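Geometric and topological summary
Each chain is listed here by its residues.
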Amino acid sequence: MEREDILFRPMEKTGRRFYISAAILGIVVLWAFYAYISQLRSGLGVTGLNRPVFWGFYITNFVFFIGISHAGTLISAILRITNAEWRKSITRSAEVITVLVLGIGGMNILMDLGRPDRVLNIVKYGRFHSPLVWDLVSITTYLTASTLYLYLPLIPDIALLRDRMNGPRRFIYNVLSLGWRGTDGQQRILQRAIAIMAILVIPIAVSVHTVVSYVFAMTTQPMWHSAIFGPYFVVGAIFSGIAAIIIIMAIIRRVYHLEEYLRPVHFKNLGILLFVMACLWLYFTLNEYLTTFYGAEPVHMKVFYSKFTGRYAPFFWLMVMTCFVIPSIFLVNKRTRTISGMVAASISITAGMWLERFVIVVPSLANPRLPYERGTYFPTWVEWSLMAGCFALFTLLYMAFTKLFPIVSIWEVRESRERGIKEIKERVREYLPGMEVLARDIMTRDVIAVTPETSVSEIGRLLASHRISGVPVVDKYNRVLGVVSESDVIFREIRHELTLVERLGNIILPEPRSEIERQGNTAGEIMTSPAVTAEELTPITELMEIFRERKIKRIIIVDKEGRLSGIVSRIDIVEAIERI
Amino acid sequence: MSLSRRDFIKVAGIGTLAAATGCTKLSGFMDKRGGPVPPEGIDKWIPSVCGQCPDGCGMLVRVIDGRVVKIEGNPVHPVNKGTLCARGQAGLQVLYDPDRIRSPLRRIGARGDGRWKEISWDEAVGEVAAVLRGIRQKGEVHTISLISGVENGLMQGLLGRFMGSLDSPNYILASDRTKLAPFEAIYLTQGIKQRPLYDISNCSFILSFGAPLLESSCQTLREYGDFRRGKGRNRGKLIHIGPRLSVTGIKSDRWIPALPGTEGEIALSIASVIIKEGLFDRDFISRYTTGFDRFVDIAVRDYTPSAVSKTTGVSEDLIVNIAREFAHNRPSIAISGSLMTSDQIAIHCLNALAGSINKKGGIYYPDYEQASIEPISEWLRKGSYKTNALLIYKSNFLFNMPNPGDMYEALKGIPFIVSFSSFMDETTGMADMVLPDNTYLESSEIVDVPTANGVINGFMQPVIKPLYRTMHTGDVILRIAKEAGAAVGSYKTFEDVLFDRLRQIHGAGKGYVFGEGALPQSFDGFIKAVQAGGGFVIPLSRVHAGVFNFRADLLKGTGGVSHHSASGQSGGGYALHLHTYRPLSSAGIIDFNQPWLKESFAPEVPEMWNTWVEINPATAKRQGINSGDMVWVESPVGRIRLKARLYPGIHPAVVAVPSGLGEAGEGRWNKGVGINPLRILAGETDPVSGNTLFDYTRVKVYKA
Amino acid sequence: MSKWGMVIDLDKCTACQACVVACKAENNIPPGSPDETERQRVIQWMEIIPFTSGQYPDVRMRLLPRPCMHCENPPCTKVCPVRATMMGPEGIVAQVYARCIGCRYCTAACPYTVRYFNWHKPEWPAEMRNHLNPDVSVRPAGVVEKCTFCSHRLQKAREKARAEGRQMREGDYTPACVQTCPSGAMFFGDMEDPHSTVSELIKSPRAFRLLEELGTEPKVYYLSEGQ
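Now for a look at the structure at hand. All values reported here derive from a predicted model rather than from experimental measurement.

This brings us to the overall build of chain A. If you tally the helices and strands in chain A, you get 25 helices and five strands. In summary, chain A has a C-alpha radius of gyration of 34 Å against a globular reference of 25 Å for 580 residues, an excess of more than 25%. Once the C-alpha set of chain A is aligned to its principal axes, its extents read approximately 115 × 70 × 50 Å. If you take every contact in chain A between residues at least 6 apart in sequence, the share linking residues at least 24 apart comes to 75%. On chain A, roughly 27000 Å² of surface is accessible, and the fraction owed to carbon and sulfur atoms is 64%. Side-chain charges in chain A split into 63 positive and 50 negative, and the spacing between the mean points of these groups amounts to 12 Å.

Residues and elements named next belong to chain B. Pairing is antiparallel across the open sheet formed by four strands, whose spatial order is β20-β21-β23-β22. Single-partner strands in this sheet number two, and they are β20 (445-451) and β22 (512-513). Both strand β21 (residues 454-460) and strand β23 (residues 535-538) contribute to a ladder of four bridges, which runs antiparallel. Bridging from a neighbouring strand, Asn-457 pairs with Phe-536 of β23. Contacts between helix α19 (residues 494-508) and the sheet are confined to β20, β21 and β23, with β20 contributing the most and set at about 40° to the helix.

Let us now look at the pairing of strand β1 (residues 4-9) of chain C. All names here are of chain C. The element β1 is largely enclosed, with a buried count of six among its six residues. Across the two faces of β1 the burial is the same, with Trp-4, Met-6 and Ile-8 and Gly-5, Val-7 and Asp-9 all buried. Note: β1 against strand β8 (residues 186-190), five bridges, orientation antiparallel. When the bridges of β8 are listed, Met-6 appears paired with Phe-188. The pairing of β1 with strand β10 (residues 220-223) spans four bridges and is classified as parallel. In the sheet register, Asp-9 faces β10, and the bridge partner there is Leu-223.

Moving on, we get to the nonpolar core. Among the nonpolar cores identified, the biggest contains 340 residues, and Trp-55 of chain A together with Leu-207, Phe-209, Leu-350 and Leu-353 of chain B are the most heavily contacted of them. The biggest single contributor to this core is helix α11 (residues 229-255) of chain A, with 16 residues. When sequence neighbours within four positions are dropped, the list of residues in contact with Trp-55 of chain A reads Leu-49, Asp-112, Val-215, Phe-216, Trp-224, Val-361, Val-362 and Leu-365 of chain A together with Cys-103, Arg-104, Tyr-105 and Ala-108 of chain C. Membership of the second largest hydrophobic core comes to 54 residues, among which are Leu-146, Leu-435, Val-513 and Ile-538 of chain B.

A separate point is the side chain of Ser-565 of chain A. All names here are of chain A. Relative to the assigned elements, Ser-565 resides in strand β5 (residues 564-569). Classification of Ser-565 by relative accessible area gives buried; the value is 15%. Within polar-contact distance, the side chain of Ser-565 engages the side chain of Glu-536 at 3.1 Å. With sequence-adjacent residues up to four places away left out, Ser-565 is seen in contact with Met-443, Thr-444, Arg-445, Glu-536, Ile-557, Val-558 and Asp-559.

Leftover empty space is mapped by rolling, across the atoms, a probe with the size of a water molecule. Residue and element names in this part refer to chain B. Counted according to the given criterion, the structure contains 15 cavities of 30 Å³ or more. Taken as a whole, the largest cavity holds about 380 Å³ of empty space. Taken together, 30 residues form the lining of the largest cavity, with Gly-51, Pro-54, Val-150, Asn-152 and Lys-394 sitting closest to its centre. In terms of residue class, the lining of the largest cavity is built from eleven nonpolar, 13 polar and six charged. By volume, the second largest cavity is sized at about 200 Å³.

Okay, α19 of chain B next. All names here are of chain B. Relative to the 21 Å expected for 15 residues at 1.5 Å per residue, α19 spans 21 Å between its end C-alpha atoms, a close match to the ideal helical length. Of all the residues in α19, the buried ones are Phe-494, Glu-495, Val-497, Leu-498, Phe-499, Arg-501, Leu-502, Ile-505 and His-506. Phi turns positive one or two residues past the end of α19, at Gly-509, with a value near 70°.

Here the focus is the interface of chain C and chain B. Counting residues at the interface gives 73 residues for chain C and 78 residues for chain B. Summed over both partners, the interface of chain C with chain B buries about 6100 Å², with 61% contributed by carbon and sulfur atoms. Counting every contact that joins chain C to chain B gives nine salt bridges. The salt bridge involving Glu-72 of chain B is made with Arg-153 of chain C; its shortest N-O contact spans 2.8 Å. There are 19 residue pairs in polar contact (both at pLDDT 80 or more) connecting chain C and chain B. Sorting the residues of the side of chain C that touches chain B by element identifies α1 (18-26), α2 (34-38), β2 (47-53), β3 (60-66), β5 (93-95), α4 (151-163) and α5 (176-180) of chain C as the ones contributing at least two each. Per-element tally for the side of chain C that touches chain B: the top contributor is α1 of chain C, with seven residues. Residues belonging to the side of chain C that touches chain B are distributed by class as follows: 36 nonpolar, 23 polar and 14 charged.

So, how was this worked out
- Residues numbered from 1 in each chain as written.
- Chains lettered and ligands numbered in written order.
- Predicted model: local features only at pLDDT ≥ 70, side-chain atom pairs only at ≥ 80, totals over all residues.
- Heavy atoms only, no water.
- Helix = DSSP H or I, 4+ residues; strand = E, 2+ residues; numbered from the N terminus.
- Rg over C-alpha atoms; globule rule 2.2 N^0.38 Å.
- Contact = heavy atoms within 4.5 Å.
- Areas by Shrake-Rupley, 256 points an atom, 1.4 Å probe, with all protein chains shown as cover.
- Lys, Arg positive; Asp, Glu negative; His and termini not counted.
- Charge placed at Lys NZ, Arg CZ, Asp CG, Glu CD.
- Pairing = 2+ DSSP bridges.
- Axes fitted to C-alpha atoms, helices over the stretch in contact; angles between N-to-C directions.
- Buried < 20%, exposed > 50% of the residue type's maximum accessible area, 1.4 Å probe, protein only.
- Core = buried A, V, L, I, M, F, W, Y, C linked by side-chain atoms within 4.5 Å.
- Polar contact = N/O pair within 3.5 Å; in protein donor to acceptor, adjacent residues only side chain to side chain.
- 1 Å grid on protein atoms, 1.4 Å probe; cavity = no way out; pocket = protein on both sides within 12 Å on 5 of 7 lines; lining within 4 Å.
- Points joined across faces, edges and corners; volume = space filled by probe spheres on them.
- Nonpolar A, V, L, I, M, F, W, Y, C, P; charged D, E, K, R; others polar.
- Expected span 1.5 Å × (residues − 1).
- Buried area = accessible area lost by both parts, 1.4 Å probe.
- Salt bridge = Lys/Arg side-chain N within 4 Å of Asp/Glu carboxyl O.

Next comes the structure, spelled out in structure tokens:
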């Protein structure tokens, strides 16, 4: 399909701009590598870390990047499970973030180690009491799961690439496509596998940042030892993750001209999610600080005030601004809820969430319980370089990914398009209120009804004059008791051996009421009871089902109390379908 | 193992020296694979005497294969009983100071340029001897001066005899030691020139007038433990009156802020209460004192609590309470530092009122003759006195004296200066020749410390051979004397001096060796016992206090000295008093190129490697100064730029600067570390004694 | 089994810092420098910390010598991911330098901030390497270190007692800080032995421990000043 060419283009053509930016990023990465080598050679002393600020940029970055990782896989999994159709063109780009950023987060831990050469001791001598070990387990699991979760939906696309490409790349795609032919069996297996992974990945993701928070919360240090740190961190992680997705989506949309695939609606949807998370974040932040303030324990208050009015106040208040105030302005206002507005909000949030991590890690350490000299912390060029290196490496790897694999899931988008709007619409109607046509919408409202006392002849007259085939029978409260149809009337006539003329005569010249009763010629006697009814809110799909099963011509529509409110006949259904 | 070229020490070193614990082996508990382990070897513990300050604590030095590894206190030494203060512990960094002078030096650049040439000992000794001989031949022996920082030990005597044989009267003492005692007051009231002994262990109540009780002597540190919680006694009480909440103040039961120069008044008001309420020791007053009536007149008339309360800000109730406590909790001691003489006397009179003189828990005066040495202030005052040769031994007086500008000028005019210092400090930097001494761990000496229980003679012996081409100054002096034609007795080496003294002691037959009951019969046995135990004790009879003269004539108001105008510099906007104090870590230390001590400079202010100025938060607020700001502290003499620290423990009209840092020598941990505040002291002298006053300079402080 | 503990009588303590320097000399702590001090990287297993309360003129200060508390319930050991720190059978919280990965989790978790990190390789001027104590290993760069109660001395004391064919006695094993204390303010011994000096001392109403409310159960007790 021609319109898909744009998705293949990054893999087929690489311009100068790409190489220039890759070179610049490469230089930054190399510079960071040099910085790390110098740290390896002379120890962590080259950083600004000290006693008591034992942790600084590296741990902040670790928490930050692991937080970002919640964007991709977690959100993609939730959207997939709930079958949100709009997800299809964005999941891939989000999942890549997760995989890359998890690795970079892990790297930050390595950078922070005094003895990176002994990192395997964690395996050799691991002590399961240590939240750091939980972290290790949780993060590696998440990395594995999200890599798999990225790879599975990639297989059909790799197969597409395999079929398009020549040369050595074809070989690689051939291997990676695992012999995908798109057969029904393969499709079934893939769908099943993706579904399993999507479910599996959610608890893992939640566990990851919960456990990251435990690194802090499991100590007794002031303003770390908090029970809400788990959910607080998870919320913050998703929050920053969504922001990261928005930024990256906007970039690839611009760079690879994917305006058609990444549409304002995607940004709008994510933007709404982002605002929800901003509110949640504020809620947790409020909880955290308010309880501390009310508890007013002196050691905690030392940290509290160092954030509110002290040395870290600029960071703290900037965090409040960038995490909530600025994004809210952009997201609440309809005029700024544009792509660029959303990107601005997201950049603000990303910076803000980094600050949040910093404001959690450093002030608690800088204000130890015992009255030592307060700690101060100024990161050195090494820490700045390594941080820049992390961002550069991420960007570089992301760019490389877009050159190797389609950043929009081609087959999923194609599938959506091919299976047709109809199927989607139907599916949408299944679960979306307002999307489905209901009995209420198509029923005839001004229904002629009779009481049980109405005489058969009267009914006959009504049927004939209104050209209808039946009438509902209601009591004095308008509750439906039954229905009298043409056939009821006709069969009754036969029972009484009346001629058609007689019958018609009866209809035209009604007999006195008492006489009819005496003769048993009332609606109450001949009606079919109970009537087949359905409530006003019954979708037409269900009505159709009823018509099919009961082989009747009309369904009486009642309200919640069983009072008559309308009637739907087969022709109404036909007309309704016609309209759709 | 050969410890010294001196045979006797060599023999004894192998034969008797302390508990060798054999090979040190360690495994198991601490995982050793963590890092390189220092080499192991044969352990020896050798007793000697600490040389970081003049207190003469006994130490046991752990030596492994000629490396000094650890210093502990000598458990059988009667002074320190197995303990050691921070300075003693840091001795390793004196011995292994990488910036020590390693051989004799001759100046090659201009004086003070710091350019030197290494020369041989023969050359060095020959040159110095030649200069001295020349001066002698011209008949100008009085133009040879020797400045020494040593008050006790054999070297002090030897140097005296050396100057004697040169016929020079100019043997001058420039002790760097933080003064704990009011020497002037004791001399003027009691006619005693000896260092007093405060029996803190047995004292019930101490009234400290800014005394550096816990910032000067190791002995006091030890006694303080007993004072507070000794066995079989009640807890002693300590009240500290002074401008700053010093360590003594912090450890005291109460700190009463007072301006410098008001201590005497407060003491007199306390005296007035004691007298008025009849709480003084009538027996002592009537039997051992004169001038009491006159004193009563002045104290009771002029220094009533209400009057003093108005001028000093110390509340009347407090004065009365302190007076009662002081009088009731006997034995009680009033103690001051080196305050103005009139204040010292006022304070010392309280001791007479409480009858605390020559009493258990009071003040003792040891009957122990120590050579009388002319103080450096006297020497300087003889401005016109021409000096042709100056010898400097264990003193960095240029660092330790207030406003040393005059002294620099004086040194510039001296044609020949010799320093025996082991370290290139600012005073040595002015020398023409440096003949470096051994450090105390490579040296020998007998350090005599008079105490209430006799004179403790610590035996200092070299625990290792000199690391570099340095030489015991005793040996050097004897050689110079001989070559200059002024031999000191028949001594060839310092070892002879040492032996002479030991023979003398053994001959007298009194006393006992540390850790043993009596003096061994044979001289050899005595030597061995002394080497193994670390020293010996000679019994001592106490000096009779004689008559205590209240010297009301020298008190303020009578001697014409009024406290606030002591320096007469209150004009010119110098609104604040400058209080300098020396933390314990550097007290008495000759060269402070010792990083461990620098890191533990002052425990009450967690600032390291830097000189700061302490300002009361209220004062700082008024001046808009925040903690950590750089400020100028300016006196009429000069100004220094310091980091401000807001310290709640200081009188609002006073700023305090610690001294001890800012040495300008070659030491890598000295250079550029801190500033010496003594530089801007006005250098006022006491109107009575003529001694330099440290605490009466006025300054202004403003943001830099 | 013994439980080693320390008692510091603040009424006798003169804040002279002998303990601070003795510890450095005993345990091969390298000399500091103004630079590294400025960066707050001084290593002092034993340290005097000033507590200040009140305002001038009623200001009160308290100077507390602070070794490792050797908590009975140490917050540091359980966070170590590699078992590089643990409490020994006699209650001494030890650090295995060879295993430590330098993550500094224990340093961050210690409420007393008594753990130190080797930001650089410890360095001595060549001359000063001579005074290194062979009983104590020199730490490599990048690992955490802390007060050990001079446990190498325990090892030696035990070996000595064994060689002499006797049980350990009070006073056989004393850390360097306690040994040197000039005013005799520090005591050390077996807390399990009801007759030991330390056991007697901690019965005093003056006895308290630092941050007792955290439930860390320090084995370093203080005796407060005053009556």
